[in-house]
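# Remarks on the overall topology
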Amino acid sequence: MAKRTFFVKNFSAYASIILIAFILAGVAFSYQIGKYSLQEKQTQIKQTAINVSEQTRYALANYSAGMDKVYQLFLLRIAKDEDVTILVTDLYGDVQIRADSQGLVAGEGTAIPAYAVQQVKKTGYFSGVGRLDSLLAEESYIVGARCLDSAGDLQALVFVSASNDTVTGMLNHVMRTFFIIVAISMAVVLLMAYVTSSRMT
């Protein structure tokens, strides 16, 4: 009876330490991967906004029917490949082109909120989370950039957004993989702890 009691206590101690260690590792991992995923997505969206801004400047400087077609195909490809929504506006924030995974629409008659337009004009960039006053179907990470001509004059504004689900979906996939690995590791370690404890008794 004494041996059995010692075994139970010993195994319980091993199991508790292992469980606590895995929980702490899981919390730390979740925090770090969540922070990294957000930063990575924001960096990607910002770079996409800069690329679209550059292509917009080039398309405006070399405007032709053929160039306009190439430019629209470029926007569609970026929107589909990166799963983002692209809004190209005039100087005042009136949307001229909208491209997303569903297709491209020109001149839809909507406008970017004034606060976002003013920030892009003032600082060169806009970064935030929201729906741009219902312009976007769901909460999204948004980056805005301005398009300047060769003389430095403002020509257009570009806003690129990615749904929060895009980021959380990637994070959830990573977390599911992590917890599967943790579960298997815990099972193996607990089995080893069980064997070790039984031998000690």
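Every value quoted in this text rests on a predicted model; they were computed, and no experiment measured them.

About the cut-offs
Residues numbered from 1 in each chain as written. Predicted model: local features only at pLDDT ≥ 70, side-chain atom pairs only at ≥ 80, totals over all residues. Heavy atoms only, no water. Buried < 20%, exposed > 50% of the residue type's maximum accessible area, 1.4 Å probe, protein only. Helix = DSSP H or I, 4+ residues; strand = E, 2+ residues; numbered from the N terminus. Pairing = 2+ DSSP bridges. Salt bridge = Lys/Arg side-chain N within 4 Å of Asp/Glu carboxyl O.

Below, the discussion takes up the pairing of strand 6 (residues 154–163). For a regular strand, side chains alternate in direction, first toward one face of the sheet and then toward the other. A large share of strand 6 lies buried, amounting to eight of its ten residues. As judged from the five bridges shared by strand 1 (residues 85–89) and strand 6, these two strands associate in the antiparallel manner. Its bridge partner lying in strand 6, Thr85 is registered against Ser161. Looking at chain direction, strand 5 (residues 140–148) and strand 6 are connected through nine bridges and run antiparallel. Looking at the pairing, Ser140 lines up with Ser163 of strand 6. Counted along the chain from strand 5 to the antiparallel partner strand 6, the turn is five residues long, and its residue Gly152 has a positive phi close to 90 degrees.

Further remarks concern the pattern of salt bridges. A side chain with one charge can pair with a side chain of the opposite charge if their charged atoms come near. A full pass over the atoms with the stated rule returns three salt bridges. Measuring nitrogen to oxygen at the nearest pair gives 3.6 Å for the salt bridge that ties Glu54 to Arg57. Highlighted residues: Glu54 and Arg57, both in helix 1 (residues 2–61), separated by three residues, approximately one helical turn. For Arg98, the salt bridge is made with Asp100, and the minimal N-O distance between the two is 3.7 Å. Relative accessible area serves as the criterion here: at 15%, Arg98 is assigned to the buried category.

Geometric values such as these leave the question of function open.
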